[in-house]
Amino acid sequence: MSDAVATLPPVFVSHDVYRHTGYAGNHPLAIARVGPVMDLCEALGWLDAASYRESPRASDEQLGWFHAGDYVRILKEISLVGAVDAQTRARYGLGTMENPLFPGMFERAATSVGGSILAAELALEGRVAFHPAGGTHHGRPDRASGFCYFNDPVLAILALLKGGVDTLLYVDLDAHHGDGVQDAFAADERVWTASIHEQNRWPHTGAAHDVGGGRSLNLPVPRGFNDAELAFLAEKILFPLSERIRPEAVVLTCGADALAGDPLSKMALSNVALWRTVERLVAAAPAAVVLGGGGYNPWTVARYWTGLWGRISHEEFPDRLPPGARAILEGLSCDLVDDEDRRPEWLTTLADAPNPGPVRPEIERLMERSHELA
Ligand SMILES: [Zn+2]
């Protein structure tokens, strides 16, 4: 692989299936997420036929790179039948409150994996590939976990390794620990993982002393984690790690639940701070795959990922959104975000005001742990 940064134009990978929400009822994912990102990018003139690629559905063979054959078969079966027995529910974590059955579940999950594998292939050509429907980082080889049926980041990484990548850095900026990805590569010397996540939160793994198989960096952070603290950890730990291992590819999970205003977590980042961090990481390797992840406030999700695509593709940001883009944000709804907590700027702008804040001592103490990962 060449040592140069990506030179071809970036590419947005997605599918119209995401314009219709799949989850139903009161599930936190029963909100519009990737569809509005596509709509907003189109409304801003940031997405056209040349920069867009449709996700194929992953084949059973591709799913089998990581997932157990019986699990894939069961998932496909119950998605068709629309029902699950108690034994299957217990064995595979399917048909639960957390990982419910819904019409088209298998197709949707397999399309997310197909998109991440395509993104990996495009990255190998020297493009930054953006796939906001990816980022299901909790999925296990033989069971669903944490709203994730498959693990598309793992499959993107496997596609890059199959493409000849020898050193790869996975960075997880979702509010939850990237447990499924860390565990998948614990024994693979080619893959390093780093996760910044809120401490004392599900899945309760990823403590600072957890180095996985020896190449995993975990940075659990307290509530209210702010822009200055992200910049501190990025400059002192994350970017130096990247400079040291010189990855041939990076894969990033950019869950929007790390933003202020998310109803399921208590981190307090601005989207601007995350854009900046992602940009630096993307520039660190000749192949880059940028995935979505969690995120349960439809306004902050749409603004973060739309702006992320805008930054990756070097677009001009308007100070105030044009009427067509505002109408998309005004049309969103979410039971988990109270009316009085909805900020007016979520409807009129893309960029958040920065949340500078102090760097707290517990963040500085993470420096000590990071030295152990040598
Ligand atoms: Zn999350």
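Everything discussed here concerns the structure shown above.
As a starting point, this report considers the structure included with it. Keep in mind it's a predicted model, so treat the numbers as computed, not measured.

Notes on the environment of Lys-76
Here's step 1: Within the fold, Lys-76 resides in helix H3 (residues 69-81).
Here's step 2: Looking at Lys-76, the relative accessible area reads 30%, which means it is partly exposed.
Here's step 3: The spatial distance from the C-alpha of Lys-76 to the C-alpha of Ala-110 is 9.7 Å, given a sequence separation of 34 residues.
Here's step 4: Contact partners of Lys-76, with chain neighbours within four places excluded, come to Asp-60 and Phe-106.

Some thoughts on the coordination of the zinc ion
Here's step 1: Ligation of the zinc ion by protein atoms is provided by Asp-174 (OD), His-176 (ND1) and Asp-257 (OD), these donors lying 1.9 to 2.1 Å from the ion.
Here's step 2: Each donor residue of the zinc ion belongs to the same chain, with the gaps between them written as D-x1-H-x80-D. Each member of the pair, Asp-174 together with His-176, is buried.

A look at unusual backbone geometry
Residues other than glycine predominantly adopt negative phi, and peptide bonds predominantly adopt the trans conformation.
Here's step 1: Omega for the bond connecting Trp-202 with Pro-203 falls within 30 degrees of zero, at 5°, which places this linkage in the cis form.
Here's step 2: Relative to the helices and strands, Pro-203 resides in the loop between strand S5 (191-198) and strand S6 (216-221).
Here's step 3: If you check the backbone angles, Asn-200 has positive phi at about 60° while not being a glycine.
Here's step 4: Take Asn-200: it is sitting in the loop between S5 and S6.
Here's step 5: Of the residues examined, Asn-200 reaches a relative accessible area of 69% and is grouped as exposed.

Looking at the pairing of S5
Here's step 1: For S5, the buried fraction is high: 8 of the 8 residues fall into the buried class.
Here's step 2: Taking every second residue as pointing to the same face, both faces of S5 are buried, with Val-191, Thr-193, Ser-195 and His-197 on one and Trp-192, Ala-194, Ile-196 and Glu-198 on the other.
Here's step 3: Note: strand S4 (residues 168-172) against S5, 5 bridges, orientation parallel. Within S5, the position partnered with Asp-172 by the bridge is Ser-195.
Here's step 4: After leaving S4, the chain enters helix H7 (residues 179-184) and then returns to the sheet as S5, a path that is right-handed.
Here's step 5: In the sheet, S5 pairs with S6 via 6 bridges, with the strands oriented parallel. When the bridges of S6 are listed, Glu-198 appears paired with Val-221.

Conventions adopted
- Residues numbered from 1 in each chain as written.
- Predicted model: local features only at pLDDT ≥ 70, side-chain atom pairs only at ≥ 80, totals over all residues.
- Heavy atoms only, no water.
- Helix = DSSP H or I, 4+ residues; strand = E, 2+ residues; numbered from the N terminus.
- Buried < 20%, exposed > 50% of the residue type's maximum accessible area, 1.4 Å probe, protein only.
- Contact = heavy atoms within 4.5 Å.
- Donors = N, O, S within 2.8 Å, 3.2 Å for Na, K, Ca; no water.
- Pairing = 2+ DSSP bridges.
- Right-handed = clockwise from strand over helix to strand, strands pointing away.

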